[in-house]
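Close look at the chain arrangement
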Amino acid sequence: MANAPESQGLLIAAYGRQFIVQTTEGERLVCVTRARNHDFAVGDQTVIRATGGGCGVIETRLARRNEFKRSDARRTKVLAANLDAVACVIAPDPPFSEALLMRVLASAHEAGIEPAIIVNKSDLLEASARIEPRLEVYQRLGYRLFKIAPGPDPGGAAQTVHPWLAGRLTAVVGQSGMGKSTLINALVPGADLATQSISEALGTGRHTTTFTKAFQLPNDGWIIDSPGFQEFVLGHLSDSQLAHSIPEIREYMGACRFSNCRHLEEPDCAVRAAVANGSIDARRMQIWRELIGDVRRL
Ligand SMILES: Nc1nc2c(ncn2[C@@H]2O[C@H](COP(=O)(O)OP(=O)(O)OP(=O)(O)O)[C@@H](O)[C@H]2O)c(=O)[nH]1
Ligand SMILES: [Mg+2]
Ligand SMILES: [Zn+2]
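These figures come from a predicted structure and were not determined experimentally.

1. Notes on the overall build of the protein
Within the protein one finds nine helices and 13 strands. Relative to its length of 298 residues, the protein is compact, with a C-alpha radius of gyration of 21 Å against a globular reference of 19 Å. When the backbone C-alpha atoms are referred to their principal axes, the protein occupies close to 65 × 45 × 35 Å. Taking the intrachain contacts of the protein between residues at least 6 apart in sequence as the baseline, contacts between residues at least 24 apart amount to 64%. For the protein, the exposed surface amounts to about 14,300 Å²; the carbon and sulfur share of it is 49%.

Below you can see the structure in the form of structure tokens.
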């Protein structure tokens, strides 16, 4: 079918090596790629060739405006491309990892993508009260926070986040069990995503969502569901990119004795001085030490 006409489309879902592309005419095609070229992600603008029967081949993609990435020990993975925003979903229960949250925010910052923190399960009042002091740290740092309960109150959740999502391409990311798919079900009528059952939630961290998929929002814009993660390595960032991506460290840029100060053991470190006098949150600084160790290892 080498001479079937080419068309352009948005890559809206990735199931391993199979993709779904929505063409500019609104048709959805199940697509494969050419041999050895798997460099595609949800959010890519692709050039495809229909092969009949609702199928197609992705020939190439247009240059990306940005890439939202995470690494593991072996490689760097593009989770989604051409994003306007990344929403990191956390919840009071199961407990969220603040280290993972910081990593997601750093990765978004480095890619030039606007972040927000979505705090799910606000109906769990006692557990929510326990995480409140930590949330205030993030609010003070200037991050946008939404507190919602898409489980019991889908309508309220949709109303709260919709203005921020409207007209944009947003990826929803975070640990397993935080309620990402529950939120998308609240936002997209008919999305009908499987969510974790109570018995699974008590199990050993199994992920319910296993694919990355974009859904069209009713009032314009797209939202991407993604599988939960337990690890989010920033091996693709240099020490200085990492430092730039942490707002309170960025603020002290150039104030330490050494210009390449890593704020660990170095003498005359302005960042550690700020931690000592309480202007920088100590818990975040502890996570910083883990982060910089991570990058060095890779
Ligand atoms: N109490 C309460 N529970 C919620 C809320 N939102 C989601 N849940 C529950 O949290 C569990 C996990 O929800 P999911 O939407 O499957 O979580 P997920 O983030 O998509 O998980 P993965 O797909 O594994 O990454 C389910 O049992 C939901 O019913 C909420 O607002 N309040
Ligand atoms: Mg899910
Ligand atoms: Zn320093």
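2. Remarks on the pairing of strand S2 (residues 18–23)
Counted residue by residue, S2 has five buried out of six residues, so it is predominantly covered. As paired elements, strand S1 (residues 6–15) and S2 share six bridges and run antiparallel to each other. Paired with Leu 11 across the two strands is Val 21, which belongs to S2. Hairpin geometry of S1 and S2 is characterised by an intervening segment of two residues between the two adjacent antiparallel strands and by a positive phi of about 60 degrees at Gly 16. Bridge analysis of S2 against strand S3 (residues 28–33) gives four bridges, and the strand direction is antiparallel.

3. What to know about the coordination of the magnesium ion (ligand 2)
In this structure, Ser 181 (OG) and Thr 209 (OG1) serve as the protein donors to the magnesium ion (ligand 2), at separations of 2.0 to 2.1 Å. Taken as a pair, Ser 181 in helix H4 (residues 180–187) and Thr 209 in the loop between helix H5 (198–201) and strand S12 (212–216) lie far apart in primary sequence, 28 residues in all. The class of Ser 181 is buried, set by a relative accessible area of 7%. Classification of Thr 209 as buried rests on a relative accessible area of 9%.

4. Focus on the site of ligand 1
In the region of ligand 1, 21 residues are neighbours, and Asp 123, Ser 176, Lys 180, Thr 182 and Gln 196 sit closest. Take Gly 177: an N or O atom from its main chain is 3.0 Å from an oxygen atom of ligand 1. Side-chain polar atom of Lys 180 to an oxygen atom of ligand 1: 2.8 Å apart, as the coordinates give it. Contact with the protein chains covers 89% of the free accessible surface of ligand 1, which is 660 Å².

Criteria and cut-off values
- Residues numbered from 1 in each chain as written.
- Chains lettered and ligands numbered in written order.
- Predicted model: local features only at pLDDT ≥ 70, side-chain atom pairs only at ≥ 80, totals over all residues.
- Heavy atoms only, no water.
- Helix = DSSP H or I, 4+ residues; strand = E, 2+ residues; numbered from the N terminus.
- Rg over C-alpha atoms; globule rule 2.2 N^0.38 Å.
- Contact = heavy atoms within 4.5 Å.
- Areas by Shrake-Rupley, 256 points an atom, 1.4 Å probe, with all protein chains shown as cover.
- Buried < 20%, exposed > 50% of the residue type's maximum accessible area, 1.4 Å probe, protein only.
- Pairing = 2+ DSSP bridges.
- Donors = N, O, S within 2.8 Å, 3.2 Å for Na, K, Ca; no water.
- Near = heavy atom within 4 Å.
- Polar contact = N/O pair within 3.5 Å; in protein donor to acceptor, adjacent residues only side chain to side chain.

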